[in-house]
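Topology and contacts: notes
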Amino acid sequence: MVKKRLISSLVLAAWCGGVLQPAVAQQSSAPGLQSRVAGLFSSKKEDELLEPDDAFKLKVSFKNATTLVADLIPANGYYLYKDKVRFALKDASGVAIGAVNLPPGDVKTDQFFGKMETYPRPVKAEIALNRAPKAKDFTLVATYQGCHIKQGVCYPPIEKSIKMTLP
Amino acid sequence: MRINKAVRVVAALAVLAAVAAGTYAVFQKSADSAAAFTTIDGRRIAPSDLRGKIVLVNFWATTCGICLAEMPELIATYRQYQPRGLEVIAVAMPYDDPQQVRQYAAKQSLPFPVVLDQGGALARDYGQVRVTPVTFMIDPSGQRISKTVGIINFAKLRAFLDASLPVGRAS
């Protein structure tokens, strides 16, 4: 029995070797290219990038009966685009967004986007609600997008749906 | 008892070898086995169509300021080296708005194929591209030979292309 297990383990190991071999054989047909390409671009440590939900956090609370506060919290070394921050409501009966007040961000001039505002630090967005007296539950849909400063990469837009109950 | 230990060691080695093979295979995956590119004007480019060229595949998005910042130099590099055998394919991420991609491509007169990765097959095939820009280099035999996360170092790219592409090759 033990012998059988040993033999099947050896067969598996040999098979893995077989899998590895074709991969090695698939290396560039021009080995010179592969050595020249090493370090071709700026070396970035992709593994060091945070997961989107850790890079950009969102906390929502009520400031009062008609005002929501959304805390947008980029991790250290990350920033959010102000103009990519959006809020909407769904499953909302008798309640609607009246106005969204986003604080000013750091201004930088982008060649294509022109003047841009970014949030490299946590900010509070205030969302004024118009509500009917009997309005109760709704879902806040927040979308936002940001980048990592040093690594020079941007994340996909993030969309979060948060169920809320009016106070 | 001793044989049991040997079995465990061999099994662990086998698992390690499998993991190593899988990891290596992801990076060394032949571009030929990847999904075809479909450009914004509906043209289909199979990976096999690119054989014999050095291909730069750039994952980008119109919402990525960093991506747009490197576009002018990508255009200039393409214009300079395309006659010598460079191909550039700009793959817009699945979440990008196709209309915005088309508008940007037209406004900037992007000279290389611009591809919409609707459904995300390409992002998956290229090892789960999540952020942008991410750039892959594919050698003339169709093998992916590098992956760059973040801005391209164009000085190094040009040096690489100068050393790798024949001088004065007709397009």
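Everything below is about the structure shown above.
Residues numbered from 1 in each chain as written. Chains lettered and ligands numbered in written order. Predicted model: local features only at pLDDT ≥ 70, side-chain atom pairs only at ≥ 80, totals over all residues. Heavy atoms only, no water.

**As for the overall build of chain A**
What counts here: We count a stretch as a helix when DSSP gives it H or I for four or more residues in a row; a strand needs E for two or more, and each element gets its number in order from the N terminus. Summary of the burial criterion: residues with accessible area below 20% of their type's maximum are buried, those above 50% are exposed, and those between are partly exposed, where the area comes from a 1.4 Å probe applied to protein chains only. Note that accessible areas follow from Shrake-Rupley with a 1.4 Å probe, and for residues the cover is restricted to the protein chains shown.
Regarding its fold elements, chain A presents three helices and 12 strands. In chain A, which comprises 167 residues, the proportion classed as buried is 36%. Here chain A displays about 9,600 Å² of accessible surface, and carbon together with sulfur accounts for 55% of that area.

**What about the packing of helix H2 (residues 65-81) of chain B against helix H5 (residues 154-164) of chain B?**
All names here are of chain B. Our working definition: Axes here refer to lines fitted to C-alpha atoms; in helices the fit is confined to the stretch in contact. Angles between the N-to-C directions go from 0 to 180 degrees. For classification purposes, angles smaller than 35 degrees are called roughly parallel, those larger than 145 roughly antiparallel, those between 65 and 115 roughly perpendicular, and all remaining angles oblique. Here a crossing is taken to be left-handed if its near helix is turned anticlockwise relative to the far helix by less than a right angle, and right-handed if that turn runs clockwise. The contact rule is simple, with two residues in contact once any of their heavy atoms fall within 4.5 Å. Amino acids outside the nonpolar list (Ala, Val, Leu, Ile, Met, Phe, Trp, Tyr, Cys, Pro) and the charged list (Asp, Glu, Lys, Arg) are all regarded as polar, and Gly is one of them.
The contact between H2 and H5 brings their axes to 11 Å, and the two run at 15°. Here H5 runs roughly parallel to H2, going by the angle between their axes. Of the two possible hands of crossing, H2 and H5 adopt the one that is right-handed. Touching Glu-70, Glu-73, Leu-74, Ala-76, Thr-77, Gln-80 and Tyr-81 of H2 are Phe-154, Leu-157, Arg-158, Leu-161 and Asp-162, all from H5. Partitioned by chemical class, the residues of the contact of H2 with H5 number six nonpolar, two polar and four charged.

**A look at the side chain of B:Thr135**
Spelled out, the test is: Here a polar contact means two N or O atoms within 3.5 Å. Within protein one must be a hydrogen donor candidate and the other an acceptor candidate, and residues neighboring in sequence count only if both atoms are side-chain atoms.
Here B:Thr135 shows up in strand S6 (residues 134-138). At 3.0 Å, the side chain of B:Thr135 forms a polar contact with the side chain of B:Asn58.

**A look at the packing of aromatic side chains**
Residue and element names in this part refer to chain A. Our working definition: Side-chain rings of Phe, Tyr and Trp, where Trp is taken by its six-membered ring, are said to pair if the distance between their centres is within 6.5 Å; with planes under 30 degrees apart they count as stacked, over 60 as edge-to-face, and otherwise as tilted.
Per the stated rule, a full pass over the model turns up 10 aromatic pairs over all chains. Ring geometry for Phe-56 versus Tyr-78: centroids 5.7 Å apart, planes at 90°, classification edge-to-face. Of this pair, Phe-56 sits in strand S1 (residues 56-64) while Tyr-78 sits in strand S3 (residues 78-81), placing them 22 residues apart in sequence. Accessibility expressed as a relative area gives 2% for Tyr-78, which makes it buried. Note on Phe-56 and Tyr-155: the rings are 5.4 Å apart at their centroids and 85° apart in plane angle, and the pair reads as edge-to-face. One end of the pair, Phe-56, is in strand S1; the other, Tyr-155, is in the loop between strand S11 (153-154) and strand S12 (158-165), and 99 residues separate them in sequence.

**What to know about the sheet that holds strand S2 (residues 67-74) of chain A**
All names here are of chain A. The condition that has to hold: When DSSP finds two or more bridges between two strands, those strands count as paired.
Strands sit in the order S1-S2-S8-S5 across an open sheet of four strands; the sheet is antiparallel. The sheet terminates laterally at S1 and strand S5 (95-101), the two strands that pair on one side only. Within this sheet the neighbouring strands show an average axis-to-axis angle of 25°, counted without direction. One ladder, built from six bridges, connects S2 with strand S8 (residues 123-131); its direction is antiparallel. Within the sheet, the bridge partner assigned to Leu-72 lies in S8 and is Val-123.

**As for helix H3 (residues 98-107) of chain B**
Residues and elements named next belong to chain B. Rules: By construction, the arc corresponds to the directions joining the helix axis to the C-beta atoms.
Turning to H3, its buried residues number three or more, namely Val-101, Tyr-104 and Ala-105. Down the axis of H3, the sector holding all buried residues measures 100°, keeping them to one side. Seen from the buried face of H3, the exposed residues on the opposite side, beyond 90 degrees, are Ala-106 and Lys-107. Buried positions along H3 lie against strand S3 (54-60), H2, strand S4 (86-92) and strand S5 (114-116). Two residues or fewer past H3, Ser-109 is found with a positive phi of approximately 50°.

**Topic: the pattern of salt bridges**
How we decide: Each reported salt bridge corresponds to a side-chain nitrogen of Lys or Arg within 4 Å of a carboxyl oxygen of Asp or Glu.
By the definition in use, this model includes nine salt bridges over all chains. For A:Asp53, the salt bridge is made with A:Lys160, and the minimal N-O distance between the two is 2.9 Å. Of this pair, A:Asp53 sits in helix H3 (residues 52-55) while A:Lys160 sits in strand S12, and the two are 107 residues apart along the sequence. Taking relative accessible area as the criterion, A:Asp53 reaches 39% and is therefore assigned partly exposed. A relative accessible area of 26% places A:Lys160 in the partly exposed class. Among the ionic pairs, B:Arg158 bridges to B:Glu73, the shortest N-O distance being 3.2 Å. Of this pair, B:Arg158 sits in helix H5 while B:Glu73 sits in helix H2; the two residues are 85 residues apart in sequence, bridging distant segments of the chain. Owing to a relative accessible area of 35%, B:Glu73 belongs among the partly exposed residues under this scheme.

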